[in-house]
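# Observations on chain architecture
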Amino acid sequence: MNDFIDFIIAPYKTYSTLNIILEIIATLFGIISVYYTYKRNILVYPTTIISTFIFIYLFFNWGLYGETIINFYYTSMAIYGWILWQKNLEVDHKHVDVSWATKKEYLYATLLFALSFIFILTIYYFRPVIQNGFDLNYLAQSKFHYTKIDFVDATTTAVFLIGMWMMARRKIDNWYFWIIGDLVMIPLMIYKGAVITSVQYIVLLILSFIGLIDWIKSVKEISKKQ
């Protein structure tokens, strides 16, 4: 037990106070954004933007380039989703209606997964260049040498991309992808020494199950009224 605690605490002994504070802030806003998602509240988007901006910096420093890129994507999708949700607000001007994804949307999701997975592995191919401040002199050292973490990162990035896209389109199915991604990210963050962030994914996992149940219930209630 003591060895496990030491494993968790050890990375933070080398982190700067600023990085620890930033991780805490990003984690809190990440949790708040998912809470607003399950409530179908448009405030999900400003809170998401704050969290993702900070995580862009943190994930890059941790060498998780797939997660770095996905947070850039989250930011752009947050703007896209904010616009879509704003056009579909209910009478209280805060909440939106939701629905199930269509077969066509799942086809797009499959294509998005494949393209994202390949793109992230391409980024890792140029790891020497990225790790040395994008110095092209290291281009010759780039090669197809991937670690297991690279494949895990590429997979979770692609899964989260689909989740964010479906969330922006107000599809109930988005929760399935968040749940899958969260289950993978919890041990990955612990392995990378980012325990505070792993706690975020534990909370997000719980909120994702709650959100899935709530959105399904919302659709059923609308169907009864029709």
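Our subject is the structure that appears above.
The present account deals with the structure reproduced in this document. Chains are numbered independently. Their residues run from 1 in the order of the written sequence. Residues qualify for local features only when their pLDDT is at least 70, as the model is predicted, and side-chain atom pairs are given and counted only at 80 or more; totals for whole chains, interfaces and linings, by contrast, use all residues. Excluding hydrogens and water, the side-chain figures rest on all heavy atoms present in the structure.

### Topic: the overall build of the protein chain
Scanning the protein chain from terminus to terminus reveals 9 helices and 0 strands. Each helix is a run of H or I in the DSSP string that is no shorter than four residues. Each strand is a run of E no shorter than two, and both are numbered from the N terminus. In sequence order, the secondary structure elements of the protein chain are arranged as α-α-α-α-α-α-α-α-α. Residue exposure (1.4 Å probe, protein chains only): buried if accessible area is under 20% of the type maximum, exposed if over 50%, otherwise partly exposed. Across the 226 residues of the protein chain, 48% fall into the buried class. Nonlocal contacts in the protein chain, meaning residues at least 24 apart in sequence, comprise 73% of its contacts between residues at least 6 apart. Residue exposure ignores everything except the shown protein chains as possible cover, and the areas themselves are Shrake-Rupley values with a 1.4 Å probe. Split by element, the accessible area of the protein chain, about 12,000 Å² in all, is 69% carbon and sulfur. The contact criterion used throughout is that any non-hydrogen atoms of two residues lie within 4.5 Å.

### Side note on the pattern of salt bridges
What makes a salt bridge here is a side-chain nitrogen of Lys or Arg within 4 Å of a carboxyl oxygen of Asp or Glu, nothing more. Under the definition given, this model contains 2 salt bridges. Here Arg169 ties to Glu105 by a salt bridge, and the two come within 3.0 Å at their closest N and O atoms. You can see Arg169 sitting in the loop between helix H7 (148–168) and helix H8 (174–191) and its partner Glu105 sitting in helix H5 (residues 103–125), a full 64 residues away along the chain. Between Glu105 and Lys171 there is a salt bridge, with the nearest N and O atoms lying 3.7 Å from each other. Separated by 66 residues along the polypeptide, Glu105 in helix H5 and Lys171 in the loop between H7 and H8 bring together distant segments of the chain. Both residues of the pair, Glu105 and Lys171, belong to the buried class. It is possible to trace a salt-bridge network through shared partners that takes in Glu105, Arg169 and Lys171.

### Some words on the environment of Phe119
If you trace the backbone, Phe119 turns up in helix H5. Using a relative accessible area of 43% as the deciding quantity, one classes Phe119 as partly exposed. Considering only alpha carbons, one finds Phe119 and Gly66, 53 residues apart in sequence, at a separation of 8.8 Å.

### Some words on the packing of aromatic side chains
Any two rings among Phe, Tyr and Trp, with Trp reduced to its six-membered ring, count as a pair given centres within 6.5 Å; such a pair is stacked if its planes are under 30 degrees apart, edge-to-face if over 60, and tilted if neither. By the definition in use, this model includes 11 aromatic pairs. Aromatic side chains Phe113 and Phe117 sit 6.2 Å apart centroid to centroid with 15° between the ring planes, which places their arrangement in the stacked category. Here Phe117 and Phe113 lie together in helix H5, a separation of 4 residues that amounts to about one turn. By way of ring pairs, the aromatic residues Phe113, Phe117, Tyr146 and Phe151 are connected into one cluster.

### Topic: the environment of Ile70
Inspection of the secondary structure assignment puts Ile70 in helix H4 (residues 65–87). Among the residues examined, Ile70 registers a relative accessible area of 0% and is labelled buried. Taking the C-alpha atoms as reference points, Ile70 and Met164, separated by 94 residues in sequence, lie 9.7 Å from one another. Once residues lying within four places of it in the same chain are set aside, the contact partners of Ile70 are Thr156, Thr157, Phe160 and Leu161.

### Focus: H7
Multiplying one less than the number of residues by 1.5 Å gives the expected span of a helix. Taking 1.5 Å of rise per residue, the 21 residues of H7 would be expected to cover 30 Å, and the 30 Å separating its terminal C-alpha atoms lies within 8% of that figure. With 16 of 21 residues buried, H7 lies mostly within the body of the structure. Positive phi shows up at Arg170, right after H7, with a value of about 65°.

### Digging into the packing of helix H3 (residues 44–61) against H7
H7 packs onto H3 with a crossing angle of 155° between their chain directions and a minimal axis gap of 13 Å. Classified by the angle their axes make, H3 and H7 are roughly antiparallel. As for the relative orientation of H3 and H7, their crossing is left-handed in sense. Residues Val44, Tyr45 and Thr48 of H3 lie in contact with H7, whose contacting residues are Met164, Met167 and Ala168. Residues were grouped as follows: Ala, Val, Leu, Ile, Met, Phe, Trp, Tyr, Cys and Pro as nonpolar; Asp, Glu, Lys and Arg as charged; and all remaining residues, including Gly, as polar. A per-class count over the contact of H3 with H7 returns 5 nonpolar, 1 polar and no charged. Each axis is a line fitted through C-alpha atoms, and for a helix only the stretch in contact is used; angles between axes span 0 to 180 degrees, taken between their N-to-C directions. When describing relative orientation, an angle under 35 degrees is termed roughly parallel and one over 145 degrees roughly antiparallel, while 65 to 115 degrees is termed roughly perpendicular and anything else oblique. In a left-handed crossing the near helix is turned counterclockwise from the far helix by less than a right angle, and in a right-handed crossing that turn is clockwise.

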